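# An overview of the molecular structure
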Amino acid sequence: MPTVRIAVLGGGFSVAGDALLDPWMLGHTRSARPKVCFVPTASGDAPAYADAFRSAFGRLCCEPSVLSLFARDQDAAALRAQVLAQDVLYVGGGNTANLLAVWRAHGVDRLMREAAARGALLCGISAGANCWAEASLTDSYGPLAVLADGLGLLPGSFCPHYDSEPGRRAAYRAAVASGALPGGWALDDGAAALFSVRPGSTEPPEPVEVVSRLPGAGLHRLMPDGRGGCTETVREARPLR
């Protein structure tokens, strides 16, 4: 089975002033003009979110499309064909728990695994980054909480908005230290990272690349220290210009 490639984004087209992270992500595709499908399930397929994607990616060298599940008009064969035709599956932010539940109801979780095995680049922001991990820290239920049933394509746990949302850093450190979450990765807003996961891997993989469009933004690795605490190390990010 080939490696699974996952890009986690701390920004992109939905963030004002960010014109760097999406082109960086597209640079890791395997096509000169990749097919990029935006999956806005976590936002309830918010029309404005999908329109913003179409506008932004319509100006880039790619073939953009949107996958809608809340107003689904495809049968199973057409849905599978759309997902598996993509070079990139770009998952938007919103509610991680709702996203996973809807995907499982429609069989999209299985299609994402199949697409990844065929070489598609999986990526996303916020909930769209959480979903790929084994577990994550989420505000899907209101207060920050552990979500333990992610897709597991990225071994370990994940936390977005590490430097920007109140309580994120302390809550993620406490969850990893206590064992409520396995060790994993936390991403600052303004940074992005690419992972390549080997088949059968159970440990959080090292990133292939970490980039940043904001000074000081980066990727943090957190692991339990075996004494009731956790260790935290920062991976150096290449500044984007």
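Residues numbered from 1 in each chain as written. Predicted model: local features only at pLDDT ≥ 70, side-chain atom pairs only at ≥ 80, totals over all residues. Heavy atoms only, no water.

Glancing now at the overall build of the protein. Per the secondary structure count, the protein includes 7 helices and 14 strands. Relative to a compact globule of 241 residues, whose C-alpha radius of gyration would be 18 Å, the protein shows 17 Å and is just as compact. Projected onto the principal axes, the alpha-carbon positions of the protein cover approximately 50 × 40 × 35 Å. Within the protein, the fraction of its 241 residues that count as buried is 53%. Across the protein, every contact between residues at least 6 apart in sequence was considered, and the portion connecting residues at least 24 apart equals 68%. Approximately 9,900 Å² of the protein is accessible, and the part contributed by carbon and sulfur atoms is 53%. Computed over 22 positive and 23 negative side-chain charges, the separation of the two mean positions in the protein equals 4 Å. (Helix = DSSP H or I, 4+ residues; strand = E, 2+ residues; numbered from the N terminus. Rg over C-alpha atoms; globule rule 2.2 N^0.38 Å. Buried < 20%, exposed > 50% of the residue type's maximum accessible area, 1.4 Å probe, protein only. Contact = heavy atoms within 4.5 Å. Areas by Shrake-Rupley, 256 points an atom, 1.4 Å probe, with all protein chains shown as cover. Lys, Arg positive; Asp, Glu negative; His and termini not counted. Charge placed at Lys NZ, Arg CZ, Asp CG, Glu CD.)

A separate point is the sheet that holds strand 8 (residues 154–159). Pairing within the open sheet is mixed, and its 6 strands lie in the order 7-6-8-9-12-13. Each end of this open sheet is capped by a strand with a single partner; those strands are strand 7 (145–147) and strand 13 (230–235). When the angles between neighbouring strand axes are averaged without regard to direction, this sheet yields 25°. (Pairing = 2+ DSSP bridges. Axes fitted to C-alpha atoms, helices over the stretch in contact; angles between N-to-C directions.)

Attention now moves to unusual backbone geometry. With a phi angle near 60°, Ser 126 is a residue other than glycine that sits in the positive phi range. If you check the backbone angles, His 161 has positive phi at about 55° while not being a glycine.

A few words on helix 4 (residues 96–106). Regarding helix 4, the residues found buried are Thr 96, Ala 97, Leu 99, Leu 100, Val 102 and Trp 103. The opening residue of helix 4 is Asn 95, an N-cap whose side-chain oxygen sits 3.1 Å from the backbone nitrogen of Ala 97. Where helix 4 ends, the next residue or the one after it, Gly 107, has phi of about 75°, a positive value. (Polar contact = N/O pair within 3.5 Å; in protein donor to acceptor, adjacent residues only side chain to side chain.)

Within the open sheet, the 8 strands sit side by side as 3-2-4-5-1-10-11-14. Their pairing is mixed. Taken across any chain shown, the strands that pair with only one partner, and hence form the sheet edges, are strand 3 (63–66) and strand 14 (238–239). Alignment of strand 1 (residues 4–9) against strand 10 (residues 191–197), held across 6 bridges, turns out to be antiparallel. Following the sheet pairing, Ile 6 is matched in strand 10 by Phe 195. Sheet contacts for helix 2 (residues 47–57): strand 2 (35–39), strand 3, strand 4 (88–91) and strand 5 (121–125); angle to strand 3, the most-contacted strand, approximately 175°.

With that out of the way, let us pick up the packing of helix 4 against helix 5 (residues 108–117). Across the interface, helix 4 lies against helix 5 with an axial gap of 5 Å and an inter-helix angle of 85°. One finds that helix 4 runs roughly perpendicular with respect to helix 5. Seen from helix 4, the contacting residues are Trp 103, Arg 104 and His 106; seen from helix 5, they are Val 108, Asp 109 and Met 112. Among the residues making up the contact of helix 4 with helix 5, the classes are represented as 3 nonpolar, 1 polar and 2 charged. (Parallel < 35°, antiparallel > 145°, perpendicular 65-115°, else oblique. Nonpolar A, V, L, I, M, F, W, Y, C, P; charged D, E, K, R; others polar.)

Pairing of strand 8 with strand 9 (residues 184–187) involves 3 bridges; the strand directions are parallel. The residue of strand 9 that forms the bridge with Ser 157 is Gly 184. Alignment of strand 9 against strand 12 (residues 219–224), held across 4 bridges, turns out to be antiparallel. If you follow Trp 185 over to strand 12, its bridge partner there is Arg 221.

Attention shifts here to the state of the cysteines. Every disulfide links exactly two cysteines, by a covalent bond between their sulfur atoms. Scanning all chains against the criterion turns up 0 disulfides. Cys 62 carries a free sulfur, and the closest cysteine sulfur to it, the one in Cys 61, is 7.3 Å from it. Cys 123 provides the cysteine sulfur closest to Cys 131, a residue in no disulfide bond, and the two sulfurs are 9.6 Å apart. Cys 131 gets classed as buried once you look at its relative accessible area, which sits at 0%. (Disulfide = S-S within 2.5 Å.)

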